[in-house]
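# Secondary and tertiary structure notes
What follows is the residue order along each chain.
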Amino acid sequence: MVGRGELTDKAWAVIEPLLPPRQGGGRRWRDHRQVINAILWKLRTGAPWRDLPDRYGPWKTAHERLRLWTKDGTWDRILDRVIVKDDAVGDLEWIVSVDSSVVRAHQHAAGARKKRDAATESKPALDGEGLGRSRGGLSTKIHLVVDGRGLPMRFLLTPGQAGDNPQLVPLLDGITVARIGPGRPRCRPETVIADKAYSHPSTRRAMRDRRIRFVSPERDDQIARRTAKGRSGGRPPAFDAVAYKQRNVVERCFNRLKQFRDLATRYAKRAAYYQAELTIAAIVLWLQ
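The structure contained in this document is the topic of the report that follows. (Residues numbered from 1 in each chain as written. Predicted model: local features only at pLDDT ≥ 70, side-chain atom pairs only at ≥ 80, totals over all residues. Heavy atoms only, no water.)

### Side note on the overall build of the protein
The cut-off we apply is this: Helix and strand definitions here come from DSSP, where helices need a minimum of 4 consecutive H or I residues and strands a minimum of 2 consecutive E residues; each element is numbered from the N-terminal end. Only the C-alpha atoms count toward the radius of gyration. The rule for a globule is 2.2 Å times the residue count to the power 0.38. Think of it in three bands: residues with accessible area under 20% of the maximum for their type are buried, residues over 50% are exposed, and the middle band is partly exposed, with areas taken using a 1.4 Å probe on protein chains only. Whether two residues are in contact is decided by their heavy atoms, any of which lying within 4.5 Å being enough. Areas reported as accessible are Shrake-Rupley estimates using a 1.4 Å probe. Residue values count occlusion only from the protein chains shown. Counted as positive: Lys and Arg. Counted as negative: Asp and Glu. His and the chain ends are not counted at all. Where a charge lies is defined by one atom per residue type: Lys uses NZ, Arg uses CZ, Asp uses CG and Glu uses CD.
Looking only at helices and strands, the protein has eleven helices and seven strands in total. For 288 residues, the compact-globule formula gives about 19 Å, and the C-alpha radius of gyration of the protein, at 21 Å, lands near that figure. Dimensions of the protein, computed from C-alpha atoms along their principal axes, come out at roughly 80 × 45 × 35 Å. Across the 288 residues that make up the protein, the buried fraction comes to 48%. Sequence separation of 24 or more characterises 66% of the internal contacts of the protein that already satisfy a separation of 6 or more. Here the protein displays about 15,600 Å² of accessible surface, and carbon together with sulfur accounts for 49% of that area. For the protein, the centre of its 55 positive side-chain charges and the centre of its 32 negative side-chain charges are spaced 3 Å apart.

Here's what the structure looks like:
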């Protein structure tokens with residue numbers, strides 16, 4: 001019987017073939033499904049690892065599996081695979097929306113060791129482990145891009161006080177959806193929908209260079225500069241108000257991600273672990 005918040009049989013059938021093989025020799029690895037359910041319990045409740053219920057086995061086993069699969073990129077490969085599967089059957093919608101959300105960091109998230117961590121050395125370093133100062137204290141900002149149904153395709157972490165606009169191009173550059181069969185991966189969405197925080201001339205130029213339709217309202221200060229007396233002004237950027245109504249899907253995705261209490265408040269010291277937790281939650285959303 002599947003417990004609350006645990007992997008369904010349908011989801012497990014997709015995930016199981018993508019997991020690393022069980023180690024040979026020595027002690028036998030604890031069942032992968034049991035360990036993933038333990039990680040999901042941690043994500044759902046936000047409780048300390050040491051409070052893991054006995055039915056999931058030792059908490060150190062679950063934490064170590066999270067560490068190993070973060071290091072070798074297992075979580076990223078699983079997410080990429082489920083996205084490819086949806087794209088192959090035509091379910092993936094390439095009208096994407098972007099936004100960001102600030103997450104309060106618990107005091108336990110501070111104090112990570114400054115020296116290189118062997119557990120995450122395969123991941124690119126993130127200055128300050130993605131912790132910064134914003135209103136309310138320590139925080140991390142999640143930058144997210146979702147498809148037209150509101151399913152997460154790519155996210156980045158920055159300190160909480162970081163701006164939104166500089167992360168738009170890196171977000172889009174990180175989208176790579178392979179094809180089943182021959183052909184290059186698809187990397188360019190048809191349309192990008194974003195709020196006023198992303199409305200900047202340099203961003204609009206970047207979208208034109210990539211031949212991506214960009215739907216974002218012009219900021220008031222940009223309108224004032226364009227229409228100021230004595231200036232030539234110019235045409236306002238094209239804006240599709242009907243298409244812009246679809247932007248709410250990214251906000252709804254944040255609401256779904258933050259149902260996982262371990263994501264709504266950051267407890268992980270390492271940014272790589274917090275990003276791995278985001279990836280696991282995204283996998284769950286795709287497989288629901």
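### What about the pattern of salt bridges?
Keep this limit in mind: Salt bridges are defined as contacts in which a side-chain nitrogen from Lys or Arg sits within 4 Å of a carboxyl oxygen from Asp or Glu.
Tallying each qualifying case throughout the model produces 13 salt bridges. Here Asp-9 makes a salt bridge to Arg-33, at a shortest N to O gap of 2.8 Å. Taken together, the residues span a long stretch of sequence, with Asp-9 in helix H1 (residues 9–15) and Arg-33 in helix H2 (residues 32–45) at a distance of 24 residues. Relative accessible area serves as the criterion here: at 54%, Asp-9 is assigned to the exposed category. A salt bridge links Asp-173 to Arg-210; the nearest nitrogen and oxygen atoms lie 3.4 Å apart. With a gap of 37 residues between them, Asp-173 in helix H5 (residues 168–173) and Arg-210 in the loop between helix H6 (201–209) and strand E6 (213–215) connect regions that are remote in the sequence. The structure contains a network of salt bridges with shared partners spanning Asp-99, Asp-195, Arg-247 and Glu-251.

### Some words on helix H9 (residues 248–257)
What counts is decided by this rule: The directions from the helix axis to the C-beta atoms form the arc being described.
Taken as a whole, H9 has its buried residues at Val-249, Val-250, Cys-253, Phe-254 and Leu-257. Relative to the axis of H9, the buried residues are bounded by an arc of 145 degrees and lie together on one face. Packed against the buried residues of H9 are strand E1 (95–105), strand E3 (137–146), strand E4 (152–159), helix H10 (261–264) and helix H11 (271–287).

### Quick word on the nonpolar core
Here is a general trend for soluble globular proteins: nonpolar side chains tend to be buried in one another's company. Defined as follows: Here, nonpolar core means buried Ala, Val, Leu, Ile, Met, Phe, Trp, Tyr and Cys residues that are tied together by side-chain atoms lying within 4.5 Å of each other.
Counting residues in each nonpolar core, the largest one holds 73 residues, and the members touching the most others are Ile-15, Ile-36, Trp-75, Met-153 and Val-192. Of the residues forming this core, the biggest block, 13 residues, is contributed by H11. Residue contacts for Ile-36: discarding those within four places in its chain leaves Leu-7, Trp-12, Ile-15, Leu-19, Trp-69 and Trp-75.

### Considerations on the environment of Ala-88
As for its placement among the helices and strands, Ala-88 is situated in helix H4 (residues 74–88). Expressed as a C-alpha distance, the spacing of Ala-88 and Val-177, which sit 89 residues apart in the sequence, is 9.8 Å.

### So, the packing of aromatic side chains
Filter applied, for reference: The pairing test for Phe, Tyr and Trp rings, Trp by its six-membered ring, is centres within 6.5 Å, and the orientation test on the planes gives stacked under 30 degrees, edge-to-face over 60, and tilted for anything in between.
All chains considered together, the criterion is met by two aromatic pairs. The interplanar angle of 70 degrees and the centroid separation of 5.4 Å between the aromatic rings of Trp-69 and Trp-75 together place this pair among those described as edge-to-face.

### Overview of the pairing of E1
Let me state the cut-off plainly: Paired strands are those between which DSSP finds at least two bridges.
Among the eleven residues of E1, eight are classified as buried, and the element is accordingly described as predominantly covered. Sheet topology places E1 next to strand E5 (residues 191–193); three bridges connect them, and they run parallel. Considered in E5, the bridge of Val-96 is made with Val-192. In the sheet, E1 pairs with E3 via eight bridges, with the strands oriented antiparallel. What sits directly across from Asp-99, in E3, is Leu-144. Pairing analysis gives two bridges linking E1 to strand E7 (residues 265–266), with the strands arranged parallel. Note on E7: the bridge partner recorded for Ala-105 is Arg-266.

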